[in-house]
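# A closer look at the structure
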Amino acid sequence: MNFGIDDLPVRDELRGKSPYGAPQLDVPVRLNTNENPYPLPEPLVERITERVREAARHLNRYPDRDAVELRTRLAEYLTTTGKHPLGRENVWAANGSNEVIQQLLQTFGGPGRTAIGFEPSYSMHALIARGTGTGWISGPRNDDFTIDLAAAERAIAEHRPDVVFVTTPNNPTGNAVPAGTVLALYEAAQAAKPSMVVVDEAYVEFSHGASLLPLLDGRPNLVISRTMSKAFGAAGLRLGYLAAHPAVVDAVQLVRLPYHLSAVTQATALAALEHTGTLLKYVEQLKAERDRLVGELRGLGYDVTESDANFVQFGRFADSHAVWRQILDRGVLVRDNGVPGWLRVTAGTPEENDAFLDAVRELKKEQS
Ligand code: PMP
């Protein structure tokens with residue numbers, strides 16, 4: 001007998017849905033999930049091994065439930081790079097920024113409440129909303145993928161959402177949101193409800209501009225979420241964090257599972273933070289490669305969205321999925337995010353980017 005999900009008494013809103021996930025295909029060049037292409041440097045691997053060995057000696061005990069040392073080091077990193085003083089009371093950490101976002105929606109969203117995002121944007125915001133029973137409102141963008149501020153303010157006034165998501169730099173489009181727009185959205189959200197504004201800065205280290213951390217000053221309903229998955233080249237570590245008013249840090253602890261961050265995770269993240277300087281040098285290389293991709297793709301005649309991230313959105317295609325397949329046939333996996341007419345390529349190593357550019361050059365030649 002074929003017994004499946006729909007035969008179980010699952011929640012109605014989960015029926016007929018598929019789990020989130022980009023294809024993990026075994027191809028020579030994988031540029032589809034905005035990972036950092038550089039493996040961690042060997043001295044850092046050594047340091048992780050040392051720290052994890054030490055942590056292993058105490059695995060009979062639960063880890064530090066409040067991750068105090070890790071939050072202190074993250075606050076130092078934000079203070080140094082974000083030009084805004086923060087202490088560990090301003091910082092909270094979890095298993096990837098996805099878990100940070102989940103905890104925020106468990107705290108400030110939930111049944112009978114709503115969240116808004118301006119789409120296309122990071123699709124997990126809507127999915128985590130669904131998983132936490134939060135209603136989802138899809139806000140508008142302009143044709144060039146900038147946020148249509150007047151329309152966004154109208155949507156906030158009309159729906160009075162409990163949580164407003166702003167992703168900057170935005171995924172999958174790559175463009176950053178000006179600070180003035182975020183401030184205006186914050187004001188609109190406070191006038192309507194008041195509600196929490198969550199700025200998702202997963203890619204901010206790759207940006208031409210600065211982090212919005214200084215906006216936290218005097219804005220207790222603003223949260224900035226960050227991750228070690230991209231700039232730190234540690235997607236496998238699963239470490240995300242947020243910066244906010246200490247009251248927000250206290251509030252998310254009402255929903256976090258006790259001991260959610262394992263001792264191994266904390267030890268590994270602490271080791272990575274000791275090597276911030278080296279890891280940020282890779283970020284500089286990736287920014288240069290991102291800019292090269294933008295220039296070369298434009299040179300080939302593609303439309304390219306301005307990118308402040310470690311990926312580039314390019315188009316326009318009558319059938320983007322067919323083009324995705326043609327690029328894959330040449331051994332390069334890019335991302336079809338379902339934005340009609342557009343595809344997204346992650347900046348890889350110079351060799352990986354060359355392979356991608358060769359593939360699209362070939363496609364252009366075939367079409368002419
Ligand atoms: N926010 C954005 C905008 C992202 O693109 C991603 C990952 N693709 C995340 C958050 C989640 O990252 P992680 O859970 O690995 O920290």
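The structure presented is a predicted model; accordingly, all values stated were derived computationally and were not measured. (Residues numbered from 1 in each chain as written. Predicted model: local features only at pLDDT ≥ 70, side-chain atom pairs only at ≥ 80, totals over all residues.)

## Notes on helix H11 (residues 350-367)
For clarity, the cut-off: Secondary structure elements follow DSSP: runs of H or I of four or more residues count as helices, runs of E of two or more count as strands, with numbering from the N terminus. How far a helix is expected to stretch is found by multiplying one less than its residue total by 1.5 Å. Our exposure labels follow a C-beta count within 10 Å of each residue's own C-beta, placed from the backbone: buried means 20 or more other C-beta atoms, exposed means 12 or fewer, and partly exposed covers the counts in between. Comment: arc refers to directions from the helix axis out to C-beta atoms. Note on contacts: each residue gets a C-beta atom placed from the backbone, and two residues are in contact if those atoms are within 7 Å.
In this model, H11 (18 residues) spans 26 Å end to end at C-alpha, consistent with the 26 Å of a helix rising 1.5 Å per residue. Residues of H11 that are buried include every one of Asn353, Phe356 and Val360, and no others. With its buried residues spanning 65° around the axis, H11 presents them on a single face. Exposed residues lying more than 90 degrees from the buried face of H11 are Glu351, Lys365 and Glu366. On its buried face, H11 sits against strand S1 (29-30), helix H9 (276-299), helix H10 (320-329), strand S11 (332-333) and strand S12 (342-346).

## Some remarks on the UniProt feature "modified residue: N6-(pyridoxal phosphate)lysine" (unreviewed entry) in the protein
To keep things clear, this is the line we draw: UniProt positions are given in the numbering used here, feature names are shortened, and annotations may be inferred rather than shown by experiment.
In the numbering adopted here, UniProt assigns the feature "modified residue: N6-(pyridoxal phosphate)lysine" (unreviewed entry) to Lys230. Its location among the elements puts Lys230 in the loop between strand S7 (222-227) and strand S8 (240-244). Exposure remark for Lys230: the 25 C-beta atoms within 10 Å place this residue in the buried category. Among all residues touching Lys230, those that are not within four sequence positions of it are Asn34, Asn36, Ala202, Tyr203 and Asn310.

## Details of the domain arrangement of the protein
How we decide: The source of the domain bounds is an automatic or database domain assignment. Residue type decides the class: Asp, Glu, Lys and Arg count as charged, Ala, Val, Leu, Ile, Met, Phe, Trp, Tyr, Cys and Pro as nonpolar, and the leftover types, Gly among them, as polar.
The assigned domain composition of the protein is domain 1 (23-41 + 277-367) and domain 2 (42-274). For domain 1 and domain 2, the distance between their C-alpha centres works out to 25 Å. If you look at the interface, domain 1 gives 26 residues, while domain 2 gives 25 residues. Elements that contribute at least two residues to the side of domain 1 that touches domain 2 include exactly H9 and strand S10 (311-315). A per-element tally of the side of domain 1 that touches domain 2 places H9 first, with 7 residues. Here the residues of the side of domain 1 that touches domain 2 sort into 12 nonpolar, 7 polar and 7 charged.

## Quick notes on the sheet that holds S10
Convention followed: DSSP bridges decide pairing: two strands pair if at least two such bridges lie between them. Inter-axis angles, ranging from 0 to 180 degrees, are taken between N-to-C directions of lines fitted to C-alpha atoms, where helices are fitted over the stretch in contact.
As summarised here, the arrangement of the 3 strands in space is S9-S10-S12, forming an open sheet in which the pairing is antiparallel. Strands with a single pairing partner mark the edges of an open sheet, and in this sheet they are strand S9 (303-304) and S12. As judged from the 5 bridges shared by S10 and S12, these two strands associate in the antiparallel manner. Bridge pairing links Gly315 to Trp342 in S12. Docked against the sheet, H9 engages S9, S10 and S12, running at close to 10° with respect to S10.

## Considerations on the sheet that holds strand S3 (residues 114-118)
Taken in spatial order, the 7 strands make up an open sheet running S2-S8-S7-S6-S5-S3-S4, and their pairing is mixed. At either end of the open sheet lies a strand with only one pairing partner, and these are strand S2 (91-94) and strand S4 (135-139). In this sheet, adjacent strand axes meet at a mean angle of 25° when their direction is disregarded. Inspection of the sheet shows S7 paired to S8 by 5 bridges, in the antiparallel sense. What sits directly across from Arg226, in S8, is Tyr241. Of the strands in this sheet, S2 and S8 are in contact with helix H2 (residues 68-82), which crosses S2 at around 120°.

## Points about the UniProt feature "domain: Aminotransferase class I/classII large" (unreviewed entry) in the protein
Look at the UniProt record and you will see "domain: Aminotransferase class I/classII large" (unreviewed entry) annotated at residues 29-359. A distance of 11 Å separates the end C-alpha atoms of residues 29-359, which is 42% helix and 15% strand.

## Observations concerning the packing of helix H3 (residues 96-108) against helix H4 (residues 123-131)
Quick note on the threshold: For classification purposes, angles smaller than 35 degrees are called roughly parallel, those larger than 145 roughly antiparallel, those between 65 and 115 roughly perpendicular, and all remaining angles oblique. Crossings are assigned a handedness: left-handed for a near helix turned anticlockwise from the far helix by less than a right angle, right-handed for a clockwise turn.
It is at 10 Å that the axes of H3 and H4 come closest, and there the two elements cross at 45°. Between H3 and H4, the angle is such that the two are oblique. Of the two possible hands of crossing, H3 and H4 adopt the one that is right-handed. In this structure, H3 uses Asn98, Ile101, Gln102 and Leu105 to contact H4, whose residues at the interface are Met124, His125, Ile128 and Ala129. Residues that form the contact of H3 with H4 fall into these classes: 5 nonpolar, 3 polar and no charged.

## Some points on the confidence of the model for the protein
Operational definition: A residue's pLDDT is the predictor's confidence in that residue, given on a scale from 0 to 100.
Looking at the protein as a whole, its pLDDT mean stands at 96, while 100% of the residues score no less than 70. Reported for the predicted complex are a pTM of 0.96 and an ipTM of 0.99.

## Looking at H3
With 13 residues, H3 extends 19 Å from end C-alpha to end C-alpha; this agrees with the ideal 18 Å at 1.5 Å per step. Where burial is concerned, most of H3 is hidden: 10 out of the 13 residues are buried. Within the sequence span of H3, burial applies to Gly96, Ser97, Asn98, Val100, Ile101, Gln102, Gln103, Leu104, Leu105 and Phe108. Following H3 by one or two positions, Gly110 adopts a phi angle in the positive range, close to 105°.

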